[in-house]
Amino acid sequence: WSVAPRENAMRAMHRFCSGALLLAAAAHAADELQLDFKLNNGNLFPAVGLGIGNMQRDRIPNVLGTAMLQHGVQLVDTAMASNTDAALRDTRGLQVVTKVWYTHLGYGRTKLAVEDMLDGLNGCCAVTMLIHWPRCRDDISWMHCAEEERALPQRVKDAGPAPAEDAWKGSWRALEEFYAAGRLKNIGVSNFELDDLNELLSSCKVVPQIYQGNAWQLWFRPEVLQRLGEERVVYQAYNVVNGIVTRESAAPRAYRVLADVARAKNADVGTVVLAALKRRGVATIPRASSPNHLAANAPQA
């Protein structure tokens, strides 16, 4: 998703401060706060996880050890593109959200990608698998569709043709098969716009359990939120810290309201934001590696 313009950022921050922050104050003041959400398939899913996708791989075991033992983290978020499987394979007791990259869209390529990721994880964790993007897009500057296709190993090209516009449909069929076989705990999608989401929900055999999207979408894509709510699909937000907590310059007056709530509760600003979203039924996967940030982002904080 592209970064929202300044005026949109200000408007979103004001919306957040005028509504969700009041909710956050009540949530943070409560004696107990829900640690898990129940998905539409009956599975429990941690409300707050830890994003490790861009973390240096040699740091992951130590960070995970601290997060799990000291802060109660039970879920991590990563992706095929991050290549973190080997760093997780000796971890036990976690749920992992990972994602099929757009180069591997299509039935055959997705089957190969999922098999590779499951092999890499070596049975360490209960796996939630998402389609990362519905397609590669030339209008997104960091996507290099033709270049990435050329660079793929031959075994990937042999598994299926280069992804067409609607290749995600074959990918979803593959995920449904892994799910039906009990090899995936949950399945879902990420970064789908409303048209693709509607098409998926109208044709799928298995309704997604998880939708992962940018935190800004919570304010600028109400139609997506509404459609997900109709199917009881849990929204898992990424970019919460960079998208909200570090946006003081975009809306300084609104941010002061946020900071005032945090001071009144003797809490970190990030903790209050996560509590607000949790109270709203939104799961989050903040990235953190320092002891202070791990504590502020802890599920029970």
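Residues numbered from 1 in each chain as written. Predicted model: local features only at pLDDT ≥ 70, side-chain atom pairs only at ≥ 80, totals over all residues. Heavy atoms only, no water.

Visitor: Would you explain helix α4 (residues 107-121) in this entry?
Guide: Because an α-helix completes one turn every 3.6 residues, residues spaced three or four positions apart along the sequence face the same direction. For α4, which comprises 15 residues, the first-to-last C-alpha distance of 21 Å matches the rise-based estimate of 21 Å (1.5 Å per residue) to within 8%. Within α4, burial applies to R109, T110, L112, A113, V114, M117, L118, G120 and L121. At its buried positions, α4 is contacted by α3 (85-88), β5 (95-100), β6 (126-131), α5 (145-151), α6 (154-159) and α7 (168-180). Immediately downstream of α4, the backbone of N122 shows phi near 60°, a positive value. (Helix = DSSP H or I, 4+ residues; strand = E, 2+ residues; numbered from the N terminus. Expected span 1.5 Å × (residues − 1). Buried < 20%, exposed > 50% of the residue type's maximum accessible area, 1.4 Å probe, protein only. Contact = heavy atoms within 4.5 Å.)

Visitor: What am I meant to see in the environment of L218 here?
Guide: Inspection of the secondary structure puts L218 in helix α9 (residues 217-220). Separated by 19 residues in the primary sequence, L218 and A237 place their C-alpha atoms 8.3 Å from one another. When near neighbours in sequence (up to four residues on either side) are disregarded, L218 contacts L225, Y235, A237, L277, R280 and V282.

Visitor: Please explain the packing of helix α12 (residues 252-264) against helix α13 (residues 269-279) as it appears in this structure.
Guide: When two helices pack together, you describe them by how their axes are tilted relative to each other and by the distance separating the axes. Where α12 contacts α13, the axes come no closer than 8 Å and their chain directions differ by 95°. With respect to α13, the element α12 is oriented roughly perpendicular. Of α13, the residues touching α12 (which contributes Y255, L258, A259, V261 and A262) are V269, V272 and V273. Each residue belonging to the contact of α12 with α13 can be placed in one class, and the counts come to eight nonpolar, no polar and no charged. (Axes fitted to C-alpha atoms, helices over the stretch in contact; angles between N-to-C directions. Parallel < 35°, antiparallel > 145°, perpendicular 65-115°, else oblique. Nonpolar A, V, L, I, M, F, W, Y, C, P; charged D, E, K, R; others polar.)

Visitor: Help me understand the pairing of strand β7 (residues 186-190), please; the structure alone is not making it clear to me.
Guide: Looking along a regular strand, one sees the side chains alternate between the two faces of the sheet. Most of β7 is tucked away, with five of its five residues classed as buried. Taking every second residue as pointing to the same face, both faces of β7 are buried, with N186, G188 and S190 on one and I187 and V189 on the other. The pairing of β6 with β7 spans four bridges and is parallel. Across the sheet, residue M129 finds its bridge partner in β7, namely I187. Looking at chain direction, β7 and strand β8 (residues 210-214) are connected through three bridges and run parallel. (Pairing = 2+ DSSP bridges.)

Visitor: Help me understand the pattern of salt bridges in this model?
Guide: Summed over all chains, the structure comprises 14 salt bridges. The partner of D77 in a salt bridge is K99, and the shortest N-O contact between them spans 2.8 Å. Of this pair, D77 sits in strand β4 (residues 75-77) while K99 sits in strand β5; the two residues are 22 residues apart in sequence, bridging distant segments of the chain. Each of R135, E165 and D196 takes part in a single network of salt bridges with overlapping partners. (Salt bridge = Lys/Arg side-chain N within 4 Å of Asp/Glu carboxyl O.)

Visitor: Which parts of the structure should I look at to understand the state of the cysteines?
Guide: A disulfide bridge is the covalent bond that connects two cysteines by way of their sulfur atoms. Inspection of every chain in the model, using the stated rule, returns two disulfides. Here C124 connects covalently by a disulfide to C125, the sulfurs 2.4 Å from one another. Judged by the sign of its S-S torsion, about -95°, the bond between C124 and C125 is left-handed. Accessibility assignment for this pair places C124 and C125 in one class, buried. Disulfide pairing places C136 opposite C145 at an S-S distance of 2.0 Å. Given an S-S torsion of about -95°, the disulfide between C136 and C145 has left-handed geometry. With relative accessibility at 18%, the residue C145 sits in the buried group. (Disulfide = S-S within 2.5 Å.)

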